[in-house]
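A closer look at the structure
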Amino acid sequence: HEVEKIYQQLDLSDDPELEKLVDENLKCRYRVQQLKMSIAKERAKPLDRMISVQAALSAHLQAAIRAAYPEAATVVKVQLTSSAKEEFGDYQCSNAMSLAKAVKLQPRQVAAAIVDKLEAGDLIEKTEIAGPGFINISLRRQPVIEELNRLLVHGVRPPPVDRKRRVIVDYSSPNIAKQMHVGHLRSTIIGDSVARLCRFLGHEVLALNHVGDWGTQFGMLIAHLKDRFPDYATKCPPIGDLQAFYKESKVRFDSDEQFKQRAYAAVVSLQRRDPDSTAAWKLICDASRKDFQRVYNRLGVENLVERGESFYQDLMTEVVDELKSGGHLVPDEGRLIMWPPGCDIPLTVVKSDGGFTYDTSDLAAIRQRLFAESADWLIYVVDIGQGVHFKGIFSAAEKAGWLNPAVARVDHVGFGVVLGEDRKKFKTRSGDTVRLTDLLNEGIERAGAKLAEKGRDKELTPQELKAAQEAVAYGCIKYADLSHNRNNDYVFSFDKMLDDRGNTAVYLLYAYTRISSIARTANLSPDQLLKLAKSPGITELQHPKEWKLAKQLLRFADVVDKLTQDLLLHSLCDFLYETACVFTEFYDACYCIEKNRDSGEVIRVNHWRILLCDATAKIMKAGLDILGIRTVGRM
């Protein structure tokens, strides 16, 4: 401040001689200070974010509760929900009932004290106390109108986040030399959606595929490859069916003692980075990688970086040395184990034969991701049965001083298993695991039959039909998974998935396509819609169904904000279904386009309501994009 004050007192522009009197160091310091201030100012600018109405109201209510009852407010979490009925306002707060016991007053008295301290701000039109002590809050229309206008002009934006993070999402993780099966379905679908969510929020995301590309099984695969295709180094062997190749090598390993010994020798040579064994290993990995990528392409999984167990092999020795020097490892029957705080089961870091384990590999991975990758949010999308394992890994990382919960966030995004309609683990009729490729093929076949049943094959071009078929097939598989609470098992049923009634992908895709077509029916191009959105006074929210739809659309920011906390994607699915239903109510009650009954010619268009249709389509598209579900122009 002193440097700035001195420099501003000197009018250097009018007196060249005076400039010579100013110390060069002083000028340099001033310029550095100005640069720092401009950087700080730029960083302090709020990003163009969508208002989370619930978060804003919660902040007002939290402040009011603290002001009214400072002694009790420290443990109070704001209980705020959307009102179920119009007569209860737009939002309803129920904190008075739980606070009443703590402050020993009647709930209505507590509610009155909270309302007395509540600042209306820009959002709140009025409040009233109802029933035993509910606080009903009605919103002002103007901020809702302004937010809708921003949505129409600038598109759908994410809600505010505390800071931009470096996020690593670990998901899918198939095993090399084995085909992807239904067991990989949930991790792939949920993980891709979580990564999309984080990108939408503006975070820097690295999606990692922790494939199983290391271990003793590669010894038998390499030995079998060398026996079957001795010229593999110069001529690419035809091992497209890796599943059959794996089974062949396993049969030989179990029945042929000499082959088993050569397989063990191949493992040792691979661990020593022998060029021939490494070349064979890479060839097997490449064949698997191509197979995996075909599945990912069909599911629309993008930006997934393969980083398998082999990547962490050299890092595991460093991990063991560091844990030893920190006094974290204790001997146990020849092993070296680590007891993570709060866990009943230790981690086996070094086996009795000196080898490493999955525990060692995952410790090396979390350490590398926190330090080398500078990640401050780690997300592991792995089945719920691994919950105890990851609790131990996270606790051990914290004990070792790698993970600071105040700086970095870690989440195990667990999920249940996929069940068949008999409510047993989903398998083929012969009892085999269902291959993912076969599942997707059946989805395509059934989606094609569904579209033909609706006569779409006669209305759509071949290209449009193919796009619709793939959108329905892959979309219904994804949505059936994501629309269930991921912590629970779910029943896989193509019949239910492909139903065009109720909370299904088919219904939402039809709804989105229909809503998107309304502006085209009104002969309004995207440029014309944008021009209308920028017109002053275009926005109206007079009809109750217009108001209901507008509030519903603004809930998108609330839903995404909640997703950020719990990563439970079914709440986004529920929101999209509710939005489609609320839109139907609006469209039935409010004319958007008036046509001549005889000629079908458009004679009148309500431009504001067309914009409300456009806003709905934008919100639905953003939600479906987060879920990884492709939309189509015609269906």
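Computed from a predicted model, the values in this text were never measured in an experiment.

On to the domain arrangement of the protein chain, then. If you check the domain split of the protein chain, you get domain 1 (1-44), domain 2 (53-139), domain 3 (166-210 + 308-419), domain 4 (216-291) and domain 5 (436-627). Once you take the C-alpha centre of each, domain 3 and domain 4 turn out to be 28 Å apart. Across the contact, seven residues belong to domain 3 and eleven residues belong to domain 4. Looking only at domain 3, the three residues that lose the most surface to domain 4 are Ile-176, Ala-177 and Gln-179, adding up to 68% of its buried area. At the junction of domain 3 and domain 4, the tally comes to one salt bridge. With a shortest N-O distance of 3.7 Å, Asp-314 and Arg-273 are connected by a salt bridge. Linking domain 3 to domain 4 there are one residue pair in polar contact (both at pLDDT 80 or more). A class-by-class count of the residues in the side of domain 3 that touches domain 4 yields two nonpolar, three polar and two charged.

Let us look at the side chain of Ser-269. Within the element layout of this structure, Ser-269 appears in helix H11 (residues 257-271). Using a relative accessible area of 17% as the deciding quantity, one classes Ser-269 as buried. A distance of 2.6 Å separates a polar atom in the side chain of Ser-269 from a polar atom in the side chain of Ser-277. Discounting residues that sit within four places of it in the chain, Ser-269 has contacts with Asp-274 and Ser-277.

What follows covers the pattern of salt bridges. Scanning the model with the defined rule gives 39 salt bridges in all. A salt bridge links Glu-373 to Arg-166, with the nearest nitrogen and oxygen atoms 2.8 Å apart. Note that Glu-373 is positioned in the loop between helix H14 (358-371) and strand E11 (377-381) and Arg-166 in strand E5 (residues 166-170), a separation of 207 residues in sequence. The pair formed by Glu-373 and Arg-166 is uniform in burial state, with each residue classed as buried. A salt bridge links Arg-367 to Glu-318; the shortest N-O distance between them is 3.5 Å. Of the two residues, Arg-367 sits in helix H14 while Glu-318 sits in helix H13 (residues 313-325), which places them 49 residues apart along the sequence. Taking the relative accessible area as the measure of exposure, Glu-318 reaches 40% and is therefore partly exposed. Several salt bridges share partner residues, and in doing so they unite Asp-162, Arg-163, Arg-165 and Asp-376 into one network.

Take the pairing of strand E12 (residues 409-413) next. Direction of pairing for E11 relative to E12: parallel, over a ladder of five bridges. Directly across from Ile-379, in E12, lies its bridge partner Asp-411.

The next subject is the confidence of the model for the protein chain. Caution applies to low-pLDDT parts of the model: their predicted coordinates are not meant to be read in detail. Mean pLDDT over the protein chain: 90, with 92% of residues reaching 70 or higher. Low confidence marks residues 41-47, where pLDDT is under 50. Its contacts with residues over four positions away, or in another chain, come to zero contacts.

This next bit is on H11. Its 15 residues give H11 an end-to-end C-alpha distance of 22 Å, which sits within 8% of 21 Å, the value for a rise of 1.5 Å per residue. If you check which residues of H11 are buried, you get Phe-259, Ala-263, Ala-266, Val-267, Ser-269 and Leu-270. Taken end-on, H11 shows its buried residues confined to a sector of 165°, consistent with a single buried face. Packed against the buried residues of H11 are helix H9 (217-228), helix H10 (242-255) and helix H12 (275-299). Regarding H11, its N-cap is Asp-256, as a side-chain oxygen of that residue lies 3.0 Å from the backbone nitrogen of Gln-258 further along. Just beyond H11, the residue with positive phi is Arg-273, at close to 65°.

Calculation notes
Residues numbered from 1 in each chain as written. Predicted model: local features only at pLDDT ≥ 70, side-chain atom pairs only at ≥ 80, totals over all residues. Heavy atoms only, no water. Domains from an automatic or database assignment. Contact = heavy atoms within 4.5 Å. Buried area = accessible area lost by both parts, 1.4 Å probe. Salt bridge = Lys/Arg side-chain N within 4 Å of Asp/Glu carboxyl O. Polar contact = N/O pair within 3.5 Å; in protein donor to acceptor, adjacent residues only side chain to side chain. Nonpolar A, V, L, I, M, F, W, Y, C, P; charged D, E, K, R; others polar. Helix = DSSP H or I, 4+ residues; strand = E, 2+ residues; numbered from the N terminus. Buried < 20%, exposed > 50% of the residue type's maximum accessible area, 1.4 Å probe, protein only. Pairing = 2+ DSSP bridges. pLDDT = per-residue confidence, 0-100. Expected span 1.5 Å × (residues − 1). Arc of directions from axis to C-beta.

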